[in-house]
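Observations on the three-dimensional arrangement
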Amino acid sequence: MTKRRCVGLVAHVDAGKTTLAEAMLYLSGAVKKLGRVDHRDCFLDTHSLERQRGITIFSKQARLCWGNAAFTLLDTPGHADFSAETERTLRVLDAAVLVISGTDGVQAHTETLWRLLRSYGVPCFLFISKMDLPGADEARLMEELRRLDGGCVDFTTRAADFDEQLALCGEAAMERYLADERLRDEDLRAMIAARGLFPCFFGSGLRLEGVEALLDALDRLSPGTEDDGVFAASVYKIARDAQGQRLTCMKLTGGELAVRSVLSYTDESGEKRDEKITQLRLYSGEKFETAETVRAGEVCAALGLSGTWPGQGLGAEPDGGEAILEPVLSYRLLLPEGTDPALLLPKLRLLQEEDPQLHVHWNNRLREISVSLMGRVQTEMFRELVRERFDTEVELDRGQVLYRETIADTVEGVGHFEPLRHYAEVHLLLEPLPSGSGIVLESACSEDLLDRNWQRLILSELANKQHLGVLTGSPLTDVKISLAAGRAHLKHTEGGDFREAACQAVRQGLMQAKSILLEPWYAFTIEVSPEQIGRVISDIRAMNGEFDSPEDAGERLRLCGSAPVAALNGYQSELLAFTHGRGRLQLRPDGYRPCRGQETIIEAMGYEPEADLENTPDSVFCAHGAGFTVKWDQVRDYMHLESVLRPKRETAAGSPARRSLNIDERELEAIMEREFGPIRRPSYRSGVRNEAPAQTAAIAEKRDYILVDGYNLIFAWEPLCRLAAERLDLARGRLQDVLSSYCGYTKAELVLVFDGFRTPGNPGSRSDYHNIHVVYTRDGETGDAYIERLADEIGKNYRVRVVTNDNLIRLSALRSGVLRESARDFSAEVETVLAEIEALLRKSNEAAHKTRLKDGGT
C-alpha cells in the first residue's frame, strides 16, 4: 500500500530551497526539465511577482512519488517578511525539510523557523545546500547545527560513532545499542516523530548531490498521518484561481472527503454553515487534477466553501491556535485622488482572507485604511499585488509601530446591559500574566448562579473579540480574564445581551486598572568589520537596546542582541551606508516589553477611551420602562450583583464576621417595619385579658412568608391578564383584593411587589392593604432585585416562598433555601383557596337561611 506523506520545505532566504524542490521533482520524474531560479522557470514559483523577484512569496504544492511513498511537497516562502505564510503551512505537515545554506550557515531566521517547528511539533530533516561552493565547511556547519539541537546527526558522512550518536537521541535506542542490537527503521522513525533525532544531509540541489539520499530517508523514515476513519481536515490556506473562484486548501487528517458531500462548519463570525463540495482539486504547480474522493494524508483544494479560514479544523479536527508570528508595523494607505476608500475596502478584505495577518483596518472617523505588514519587502509586494489584482496604485506611509497594552494589577470589571426587554450582567476578574501569555479565558462562576450555556456564550464572545486597551486603543495582551459572576433573566435575556455586557465589563475593568503600554522588540544579528563594531555598539546603546559581547565571525565581528522595533526600523539603510554595503543585519521578532516614555506616545496618539463608542466602558440600566446609560465609574452604585472583590468585614477579634443563621422575632419585626412602617397590632377591648396558652411548644413553629412578583402574577393569571389589557390599575386592585382574601383564610404573611417604573407617582412607596404589604420599588430598582434582597434576609430562618415566573429570582431563592413557585401554580392555589372560601360562605349562608326560616316559623 502506498504511503501518503505531506512534507514541507522551509528555509531562510537564498538558502537554495526552491532549487532543492526542483531537484526532488526532477529526480522523481514529476518534471522533465530542471528549472532554475535565475532562469525564472522554476516549477513552483508560478506567480509573476515571484519570478521577477526570484523569491518565493506564496506557498505552493507539488506531487511526486519516491519508493513506496506518494509525497505532497509544500514549498514555503523563505523571506522573513512572509513568515506568516510559512507558519500557516506548518500546521498540516507530516515532516519538514529545513534547508540551510552551506556558505551562510545558521541564520537568525533559521532560528526563528526552528522555534516554529518546535512549537508545532513538526518532525524535521535538514538539508545543507550549496556545499559545492567555496567556504562551505561541513565540520563547522555540524557544530552550528548541534547548537540548534543535540539531536542533529550527520547522515551523509556517517562517522565511526554514527550508531552511538543515534543511540544518544532516545532511551529505547540506547537500550538496543547497549544490547548490541541494530537500530531498525521503525526505531529511527519513532525518534524523528518525537523530535529527538534530526537527520542531516549535505549536498547541492543545483548539482543534484545528496538529493537522492534525502528522498530515500523521507521514504523510509518520515512519519505519516494516522487515520482512524473519521473525517477530519485542517485548512491552511485560502486562495483564488485565475477565474476568481475561492479555493480552500486543506490536508485531510482522517477519513475521506467526496465531491458533492455536505460539510457542516462554523465560520469566523460563529455562524453555522452547511455547504456542498462542488469540486476537489489536486494541485501540482499551476496545474491540477480533479478527484472524486481524497483520503487521509492528501492535500487538496476544495471549491464550494465560502466561510472557511486558515487554521480552521473541519470534522473531528480541532481549530488551530493563534499565530505565533505577528506583524509589528502598521501602514496607512495613501490612495490616488478620486479613489473612494470604502469601495477599495471590500477588495482588500479578500486579500486579508488569504493572509489573515494583513489585519485590514478601517477608520470610519478618518475614512482611512491601514494594514499590518512584516517589513519593507512585504510592503513592496503588497503595492504590486493591489495593482495587479484591483488595478489600483496605492502608496504606504512610513509605518507606525503596533503597540500593545497590558495591566499591572487585578481588577473587577462589571458590565450591565438592560435596555427595555433585555437583561444581562457580567462580572469579570482581570489579572496580569507573564509576558508572552496572550489572553487567557476561564470561568470561575458557579452554575447555580449562571447557567452553563450562558457561561459558554460569554467565554466564546470574549474569545472572538479583539480587546483594546484604554491608553492608545492598542490590542490587549498578557491578561487573564475570569468570569466571576453573571445574571440572566428568564424572559428578557438574549445571546447578544451577554455579548454587550461582557465587552462592557472588560472595558470597565481596564478603566480602573493600572495599564502599561508595550512596544515590540527585535532580536538582531549584525555583522561588520572590526573597525566598525564601535559605531554599531554606540547605535544600539542610543536605541536603549541590549547586546552580548561581540563574537568572531571570520573576517567580521558578530553582535547579537535586541532593541525596540521603533528604533531599529530603517537601521538597515543606515548600516549599509556607513559600511559601504558590506554590513549585514538580520532581525526577528522578540516579543513585547514595557515602553519607555509611554506618556509621550500616549499623548501623541490622542486616544480617548470614553469616546470609543464601539468599545464603551459604560453600562445600560433600566428605569421607567426605558434604558439609561450609567458611566463606568458609577456602575458599582447600580449593579445588581455584589462585587466579587468586596473586602470582608472584620470582627473585633480580627476574624471575618459571619452571618448568623438565626434571627429572632425582634430582628424580623425590625426588617418588616423598615420595609412597611410600624406594624398595626389588633386592639383589645378594655377588661379583656389575653390568656397565655396552657402549654408552650418546645420549638417555635416557623412563620410563613410569601413574596409575590405582582406583574408576573397578573400576566400569568388569565382573568387578570385580560383585565390588565384594558386597565392595569384595575388588575392591580383586583389582585390586592384576591390576595387579601387568601391571606385572611391562610393566615400567611404576604408581600406584594410591583416594579415602580410601571406606576407613575408610586415609585418607592410602601403600604399595607388590609392584611398584606404592598411595595412599589424605587427608581432604578427592579422587582426581582427587591424580592431577592428581602428573601436573602429572612429566607434562612422562616418559611418563605417566592412567587414569580422570573427564573432569576427562582435560582437565587433556591440558593437561600427559599421555596420557589411559579406564578401559574400559585394562581391555581389561590383559586382553590377562593373556592374553599366561597364554599364556606355558601354553607354559612345556607345555615343562616335555615335559622331565619326556623325563627320565622315559630
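Only a predicted model underlies this, so the values are computations on that prediction, with no experimental measurement involved.

Criteria and cut-off values
Residues numbered from 1 in each chain as written. Predicted model: local features only at pLDDT ≥ 70, side-chain atom pairs only at ≥ 80, totals over all residues. Heavy atoms only, no water. Axes fitted to C-alpha atoms, helices over the stretch in contact; angles between N-to-C directions. Helix = DSSP H or I, 4+ residues; strand = E, 2+ residues; numbered from the N terminus. Parallel < 35°, antiparallel > 145°, perpendicular 65-115°, else oblique. Contact = heavy atoms within 4.5 Å. Salt bridge = Lys/Arg side-chain N within 4 Å of Asp/Glu carboxyl O. pLDDT = per-residue confidence, 0-100. Disulfide = S-S within 2.5 Å. Pairing = 2+ DSSP bridges. Core = buried A, V, L, I, M, F, W, Y, C linked by side-chain atoms within 4.5 Å. Buried < 20%, exposed > 50% of the residue type's maximum accessible area, 1.4 Å probe, protein only.

Another point: the packing of helix α1 (residues 17–28) against helix α9 (residues 211–221). Here α1 crosses α9 at 75°, and the two axes come no closer than 10 Å. As summarised for this structure, α1 and α9 are arranged roughly perpendicular, according to the angle between their axes. Contacts between α1 and α9 pair Leu20, Ala23, Met24 and Leu27 from the former with Val211, Glu212, Leu214, Leu215 and Leu218 from the latter.

Further remarks concern the environment of leucine 739. With respect to the helices and strands, leucine 739 occurs in helix α21 (residues 728–746). Separated by 30 residues in the primary sequence, leucine 739 and tyrosine 769 have C-alpha atoms spaced 9.8 Å apart.

It is worth spelling out the pattern of salt bridges at this point. Note on pairing: side chains with opposite charge can pair once their charged atoms come close. This structure, assessed with the given rule, holds 47 salt bridges. Measuring nitrogen to oxygen at the nearest pair gives 2.9 Å for the salt bridge that ties glutamate 447 to arginine 452. One continuous salt-bridge network, built from bridges that share partners, spans Arg176, Glu181, Arg184, Glu186 and Asp187.

Take the confidence of the model for the protein chain next. Low pLDDT means the predicted atomic positions in that stretch should not be read closely. Predicted confidence across the protein chain gives a mean pLDDT of 86, with 90% of residues reaching 70 or more. Overall, residues 808–816 carries pLDDT values under 50, and its contacts beyond four positions in sequence, including any with other chains, amount to 24 contacts.

With that settled, the discussion passes to the state of the cysteines. Counted by the stated rule, this structure contains 0 disulfides. Here cysteine 152 stays unpaired: no disulfide links it, and the sulfur of cysteine 200, its closest cysteine neighbor, is 4.3 Å away.

Strand pairing in a sheet relies on backbone hydrogen bonds. The paired strands run either parallel or antiparallel. Here 6 strands make up an open sheet; going across it, the order is β14-β13-β16-β9-β8-β17 and the pairing antiparallel. The outermost strands of the open sheet, each flanked by one partner alone, are β14 (287–290) and β17 (313–315). In this sheet, neighbouring strand axes are inclined to one another by 40° on average, regardless of whether the strands run parallel or antiparallel. One ladder, built from 3 bridges, connects strand β8 (residues 232–240) with β17; its direction is antiparallel. Paired with alanine 233 across the two strands is leucine 314, which belongs to β17. The strands touched by helix α10 (residues 341–354) are β8 and β9 (246–254); relative to β8, the strand with the most contacts, the crossing angle is about 145°.

Attention now moves to the nonpolar core. Core analysis: the largest hydrophobic core is formed by 51 residues, its most contacted members being Leu348, Phe382, Ile526, Val536 and Tyr571. Excluding anything up to four places from it in sequence, valine 536 contacts Ile526, Val528, Leu559, Tyr571, Leu575 and Phe578.

Okay, the pairing of strand β28 (residues 515–528) next. For β28, the buried fraction is high: 13 of the 14 residues fall into the buried class. Relative to β28, strand β23 (residues 404–407) runs antiparallel, the two being bridged by 4 bridges. Each residue of the ladder has a partner; that of arginine 404, found in β28, is leucine 518. Two elements, β28 and strand β32 (residues 584–594), share 9 bridges in a ladder whose sense is antiparallel. Bridge assignment links alanine 523 to a residue of β32, and that residue is arginine 588. Pairing geometry for β28 and strand β31 (residues 556–564), over 8 bridges, is antiparallel. Across the sheet, the residue bridging to phenylalanine 524 is glycine 561, located in β31.

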